[in-house]
Amino acid sequence: MDDQDSLLRQLRDDLAGRRQTTAATRAKIIEALGDKLCGSGAGPRGDDLAAFAVAQKQEKMSAARLQAYFATLADRVIRKVRDRSS
């Protein structure tokens, strides 16, 4: 079970890190947009928008890996229950 706990921790930590990156990138874009609207900046740059798109994609992939892990665990539990009830 220790390997499963370690993998779960790794997947959860990865997702948390990806979410933090997405949030930080979003905040940078919002700040730049606010500066532009106030007349004190150029607004979000193209590379900021590209970085945000990448961060969102990586976050979705990380979430999908965690969901797949949970699905695998659920499948194992269902199989064990079926085997015991047979």
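Residues numbered from 1 in each chain as written. Predicted model: local features only at pLDDT ≥ 70, side-chain atom pairs only at ≥ 80, totals over all residues. Heavy atoms only, no water.

### A look at the side chain of Ser 62
Then comes step 1: Note on placement: Ser 62 falls in helix α2 (residues 46-85).
Then comes step 2: Judged by its relative accessible area of 1%, Ser 62 falls in the buried class.
Then comes step 3: Residues within four places of Ser 62 in sequence aside, it is in contact with Leu 11, Asp 14, Leu 15 and Arg 18. (Helix = DSSP H or I, 4+ residues; strand = E, 2+ residues; numbered from the N terminus. Buried < 20%, exposed > 50% of the residue type's maximum accessible area, 1.4 Å probe, protein only. Contact = heavy atoms within 4.5 Å.)

### Looking at α2
Then comes step 1: In a regular helix each residue adds 1.5 Å, so 40 residues correspond to 58 Å; α2 covers 58 Å between its end C-alpha atoms and thus fits that length.
Then comes step 2: For α2, the complete set of buried residues consists of Asp 48, Phe 52, Ala 55, Ser 62, Leu 66 and Tyr 69.
Then comes step 3: Looking at the buried side of α2, the elements it contacts are α1 (2-37). (Expected span 1.5 Å × (residues − 1).)

### Here's the deal with α1
Then comes step 1: Compared with the 52 Å implied by 1.5 Å per residue over 36 residues, the 52 Å span of α1 between its first and last C-alpha is a close match.
Then comes step 2: Where α1 is concerned, the buried positions are Leu 11, Leu 15, Thr 22, Thr 25, Ile 29 and Ala 32.
Then comes step 3: Residues of α1 that are buried in the fold lie against α2.
Then comes step 4: One or two steps after α1, the chain reaches Gly 39, where phi turns positive at roughly 80°.

### Details of the pattern of salt bridges
Then comes step 1: A full pass over the atoms with the stated rule returns seven salt bridges.
Then comes step 2: For Arg 65, the salt bridge identified is with Asp 14, shortest N-O distance 3.1 Å. Of this pair, Arg 65 sits in helix α2 while Asp 14 sits in helix α1, placing them 51 residues apart in sequence.
Then comes step 3: For Arg 65, a relative accessible area of 38% corresponds to the partly exposed category.
Then comes step 4: For Asp 14, a relative accessible area of 24% gives the class partly exposed.
Then comes step 5: Across the pair Asp 48 and Arg 45 runs a salt bridge, and its minimum N-O distance is 3.8 Å.
Then comes step 6: For Asp 48, a relative accessible area of 8% gives the class buried.
Then comes step 7: By relative accessible area, which is 45% here, Arg 45 ends up partly exposed.
Then comes step 8: Residues joined by salt bridges that share partners form a network here, namely Lys 28, Arg 45, Asp 47 and Asp 48. (Salt bridge = Lys/Arg side-chain N within 4 Å of Asp/Glu carboxyl O.)

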